[in-house]
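# An overview of the molecular structure
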Amino acid sequence: MISRSLGPEFGGAVGLCFYLGTTFAGSMYILGAIEILLLYIVPKAAVFHGDGGAMLNNMRLYGSICLLLMSLLVFVGVKYVNKLASVFLACVIISIISIYVGALVSAFKEPHFPVCMLGNRTINGHYVADHHCEKIISELHREEVERPEGNFSLGFENSTVEPASPPTREPAAENQTTDLWGHFCQSRDLNATCDEYFTNNQFSQIQGIPGLASGIITENLWSSYLTKGAVVEKSSLSSVQASHPASIQLPYVFVDITTSFTLLVGIFFPSVTGIMAGSNRSGDLKDAQRSIPIGTIFAILTTSIVYLSSVVLFGACIDGVVLRDKFGDSVGGELVVGTLAWPTPWVIVIGSFFSTCGAGLQSLTGAPRLLQAIAKDNIIPFLRVFGHSKPNGEPTWALLLTALIAELGILIASLDMVAPILTMFFLMCYLFVNLACALQTLLRTPNWRPRFSYYHWTLSFLGMTICLALMFISSWYYAIVAMVIAGMIYKYIEYHGAEKEWGDGIRGLSLSAARYALLRLEEGPPHTKNWRPQLLVLLKLDEDAHVKSPQLLTFASQLKAGKGLTIVGTVVSGNFLQSFGESLAAEQTLRHLMEKERVKGFCQCIVAQKPREGISHMIQSSGLGGMKPNTVVMGWPQAWRQSEDPQSWKTFINTVRVTTAAHLALLVPKNISLFPTNSEPCTEGYIDVWWIVHDGGMLMLLPFLLRQHKVWRKCGMRIFTVAQMEDNSIQMKKDLATFLYHLRIEAEVEVVEMHDSDISAYTYERTLMMEQRSQMLRQMRLSKSDRERERVRWSFDDAQLVKDRNSMLRLTSIGSDDDDDTDVAERLGSGGSSEHNRRVQMTWTKDKAAQYRATHSGCSTPEGFRDMLSIRPDHSNVRRMHTAVKLNEVIVNKSHDARLVLLNMPGPPRNTEGDENYMEFLEVLTEGLERVLLVRGGGSEVITIYS
């Protein structure tokens, strides 16, 4: 019930606790039965004799034997337990009726139940059992004389007025003290030193069960909790208190434990847990939906009436000192409630014995079925073996484990120690049952349709609160232990349990909380203090649906450390209707990779005709409400000059433009294959930040986040900034150090001065090569119709022409910016275009092909190459290349040994004609660096000095 309402984690944790509580309840009932057996039925059956420890050993021995017999009975078959249940129920009913009848009879004739008192202190009945109170009092009063002080001399016979004077009567043998004198004095002599309280107070007898009409209830109405070692006293009797506390050597009745309301709640509560016995065996019920509510409600009503009325009757019939005499020492170990019952105490003794045996059998029957149900849910892996059963459905292995755990409770042997353990487990179960009902009602779950209409969620909430309060009221340390056990089981199920989805209330609560949080985020943009990189990681899949650069996700996990939003996305080329299966496979691949890298986040796969469009759509549509990515992570197009995919670097630049337009930050790790994995922490080194352009603090924040991860934790941080000739380098360094101090970021600061210098021949040569390459690309760019004719021309046997063409493509290694490549390829590769191809082939001759080549392919002629070689580089490009080369020289000089270098990433040109030059500039800027992270801010501040 809890699993389906609150989820498998809560259900498994609370279910196991409830199972342990039910199992220990079996131990408690068996110990109760053995106590009744050894104290009231067959006292001579005790094997061990001596102090209280001997009684515990007897309970351990006989309890183990009783547990074995009960386990065998349950193993044989639950049908025999059901047959015995009727007998046990009859015994319980007869015992309860006899108590009520005895209470009514006591109103007319009180039972003969004397209790010996010294002053107002209760005397241990074991010492006076041979004489009884009447005989001792008659002996004391037969020849008692009053002292001048007005007190009576107690404990000796035939005494004179002055106890210390010589006896006045002969023979001396008659002047002997009583047995009681020997217990309170140092010797049997008349002049022996006696207990002060004994000599100053009178020995008397009271009626232990004065009856229903005695009015004793007025004295018992109020609480009177005693501390351990105190003497059980009757407050209404007058006495002269001694100057020293009572000694345990004297025959008083002492309190064995310190009592309080909370302690008594913990001990008494397991008595009412039998109301769930029917629910525990719901599998054996014909109509569980009807039987469990009716049976449970009637069990609660019946139990409440019996317990409350019994408390009132006991308080109205029995004296308070007898009620507080836990072991019946003042009455010679007799069963008080048995004396009250009618017609004989044996009705209660036999009824109590069989009722505890029956309750123990019910626990041993219900607990294995609870464990079997949990095991069959398959949410706790190590419990699967206990889901097996005999052919008739009896849980054999679960019964064996239950018997072993119950034996642990029997070895404890003390009911006062076992009972609070049960209380915690049962209260925790009832707490979560109430929570389940309240939660389902508050969430208004469509499938929550209770048949019981007289119900309100506040009732369940009140019950949950009372259960939680009682756990800490009865025993706060036991409550903490029970919660720790349940928490450990919860975490085990969460991390290692089998995946189960039952549409539980916790999922519904999470959905409601997420909806509320998303609506709150819509109220305004996040403050700079709350900014953290919410990542959209763009991964590329190969033809076999494998991730090309999984290290990107590793880097993302190091940057995030599991916090914040992470969306891992990819684009599948094609039509959605036809590529839906590929999309699901791609999502599964990403999900497995995320599990491997332990990245908490979401997968997103978009099917689009062109990767550029898919990435653009993903950047626009990722996230929900205020939970949208603010940072894009994408890989650098390695070997973009010689790439087999000519569109890869075009897609890269287009993504840079889209992220800039969307005001998103961009992270581009270069040489990602050389970045450390999560299992290769850096033991030393630096993370170098080259702060050239202010980007909202991204370059400052990213190293701080990386160093939170174990891989980068031991790396230092260095910040470099570039100063021109007119800048004050010393002041810049001071200002930057002050800024970092306010940011609470520890880093070394260095200002690098860059002087104006002449343009080197190397710079001129690199610029010339870049522009020649761009010129070749422009000359090789063909229109749509030209490409169709060119591909048709390839169908003829012109090997040399094809060779020249392919050589030129390899030379340029630049992909066309024409977006219609895919469309042309699709039409030429489709069956419907074969007729068109044949018609073109019949009219397109080899001569025409040569003529077309001479006309349109100017770069393939010697004159075309001479024109390209005569290109003079553009001055602005030379200056840009000069800046990139000089900056690269400085960076390599300072950061050649750095573990990671962070650089500002310049934006792409507005004119797409300069895209090739842009890639070349970035290549020159990062040349010679092992690991580089290009960073482009999103246009907003991401770090603040205010906490």
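Residues numbered from 1 in each chain as written. Predicted model: local features only at pLDDT ≥ 70, side-chain atom pairs only at ≥ 80, totals over all residues. Heavy atoms only, no water.

Applying the stated criterion across every chain yields a total of 10 salt bridges. Between Glu 219 and Lys 234 there is a salt bridge whose closest N-O contact spans 3.1 Å. Taken together, the residues span a long stretch of sequence, with Glu 219 in helix α8 (residues 217-220) and Lys 234 in the loop between α8 and α9 (261-268) at a distance of 15 residues. Classification of Glu 219 by relative accessible area gives partly exposed; the value is 29%. (Salt bridge = Lys/Arg side-chain N within 4 Å of Asp/Glu carboxyl O. Helix = DSSP H or I, 4+ residues; strand = E, 2+ residues; numbered from the N terminus. Buried < 20%, exposed > 50% of the residue type's maximum accessible area, 1.4 Å probe, protein only.)

A separate point is the pairing of strand β1 (residues 114-118). Counting buried positions along β1 gives 5 out of 5 residues, so the element sits mostly inside the fold. The alternating pattern of β1 places Pro 114, Cys 116 and Leu 118 on one face and Val 115 and Met 117 on the opposite face, and all of these are buried. Judged from the 5 bridges that link them, β1 and strand β3 (residues 203-207) form a sheet pairing that is antiparallel. Residue pairing across strands places Leu 118 opposite Phe 203, the latter belonging to β3. The pairing of β1 with strand β2 (residues 121-122) spans 2 bridges and is antiparallel. Bridging from a neighbouring strand, Met 117 pairs with Thr 122 of β2. Here β1 folds back onto β2, and the loop between the two strands holds 2 residues, one of which, Gly 119, carries a positive phi near 65°. (Pairing = 2+ DSSP bridges.)

What follows concerns the state of the cysteines. Applying the stated criterion across every chain yields a total of 1 disulfide. Across a sulfur-sulfur distance of 1.8 Å, Cys 185 and Cys 194 are joined as a disulfide pair. The sign of the 100° torsion about the S-S bond sets the Cys 185-Cys 194 disulfide as right-handed. In this structure, Cys 185 and Cys 194 share a single accessibility class: buried. In this structure Cys 91 is a free cysteine whose sulfur lies 9.9 Å from that of Cys 357, the closest cysteine sulfur available. Judged by its relative accessible area of 18%, Cys 91 falls in the buried class. Cysteine Cys 715 remains unbridged, with the sulfur of Cys 682 as its closest cysteine sulfur at 4.3 Å. (Disulfide = S-S within 2.5 Å.)

Counting buried residues along helix α34 (residues 915-925), 11 of its 11 residues qualify, which places the element largely inside the surrounding structure. Inspection of α34 places Asp 915, Glu 916, Asn 917, Tyr 918, Met 919, Glu 920, Phe 921, Leu 922, Glu 923, Val 924 and Leu 925 among the buried residues, and these make up the whole buried set.

Structurally, the position occupied by Arg 718 is in strand β10 (residues 716-723). Arg 718 gets classed as buried once you look at its relative accessible area, which sits at 14%. In this structure the side chain of Arg 718 is engaged in a polar contact, spanning 2.8 Å, whose partner is the side chain of Asp 688. Leaving out residues up to four positions away in the same chain, Arg 718 has contacts with Tyr 686, Ile 687, Asp 688, Val 689, Glu 748, Lys 894, Ser 895, Asp 897 and Ala 898. (Polar contact = N/O pair within 3.5 Å; in protein donor to acceptor, adjacent residues only side chain to side chain. Contact = heavy atoms within 4.5 Å.)

The next subject is the packing of helix α2 (residues 8-41) against helix α15 (residues 396-412). The axes of two packed helices give the description: the angle between them and the distance between them. Where α2 contacts α15, the axes come no closer than 8 Å and their chain directions differ by 55°. Our classification of the angle between α2 and α15 gives oblique. Our pair here, α2 against α15, has a crossing hand that is right-handed. Facing Tyr 19, Leu 20, Thr 23, Phe 24, Ser 27, Ile 30 and Leu 31 of α2, the residues of α15 in contact are Ala 398, Leu 401, Thr 402, Ile 405, Ala 406, Gly 409 and Ile 410. Classifying every residue of the contact of α2 with α15 gives 10 nonpolar, 4 polar and no charged. (Axes fitted to C-alpha atoms, helices over the stretch in contact; angles between N-to-C directions. Parallel < 35°, antiparallel > 145°, perpendicular 65-115°, else oblique. Left-handed = near helix turned anticlockwise from the far one by under 90°. Nonpolar A, V, L, I, M, F, W, Y, C, P; charged D, E, K, R; others polar.)

Attention now goes to the sheet that holds β2. Spatially, the 3 strands line up as an open sheet ordered β2-β1-β3, and their pairing is antiparallel. Each having just a single partner strand, β2 and β3 make up the two edges of the open sheet.

On to the sheet that holds strand β8 (residues 665-670), then. Backbone hydrogen bonds hold the strands of a sheet together, and the pairing may be parallel or antiparallel. Across the sheet, 10 strands lie side by side as β6-β5-β4-β7-β8-β13-β12-β9-β10-β11; this open sheet has mixed pairing. Strand pairing shows two members of the sheet lacking a second neighbour, β6 (602-608) and β11 (748-753), which therefore form its edges. Strand-to-strand, the axes of this sheet are offset by a mean angle of 20°, without reference to chain direction. Of the strand pairs in this sheet, strand β4 (residues 535-538) and strand β7 (residues 631-633) are connected by 3 bridges, and their pairing is parallel. Bridge assignment links Leu 536 to a residue of β7, and that residue is Val 632. Helix-sheet contacts for helix α20 (residues 551-560) involve β4, β5 (566-573), β7, β8 and β13 (932-936), and the interaxial angle to β4 is about 165°.

Here the focus is helix α24 (residues 698-706). Two residues of an α-helix separated by three or four positions point the same way, owing to the 3.6 residues in each turn. The buried fraction of α24 is high, at 8 of 9 residues. If you check which residues of α24 are buried, you get Met 698, Leu 699, Met 700, Leu 701, Leu 702, Pro 703, Leu 705 and Leu 706.

This part is about the nonpolar core. Among the nonpolar cores identified, the biggest contains 70 residues, and Ile 380, Leu 383 and Tyr 430 are the most heavily contacted of them. When contributions to this core are tallied by element, the ones reaching two or more residues are α2, α3 (52-76), α4 (78-106), α14 (345-376), α15, α16 (415-443), α17 (457-474) and α18 (476-496). Of all the elements, α2 adds the most residues to this core, at 17 residues. Apart from the residues lying within four places of it in its own chain, the contact partners of Leu 383 are Leu 16, Leu 371, Ile 374 and Ala 375. (Core = buried A, V, L, I, M, F, W, Y, C linked by side-chain atoms within 4.5 Å.)

The next point concerns the confidence of the model for the chain. When pLDDT is averaged along the chain, the result is 77; 77% of the residues meet or exceed 70. Considering only residues more than four positions removed or in separate chains, one finds that residues 781-785, a stretch of pLDDT under 50, has 12 contacts. The model gives residues 790-846 a pLDDT under 50, and that stretch makes 70 contacts with residues more than four places away or in other chains. (pLDDT = per-residue confidence, 0-100.)

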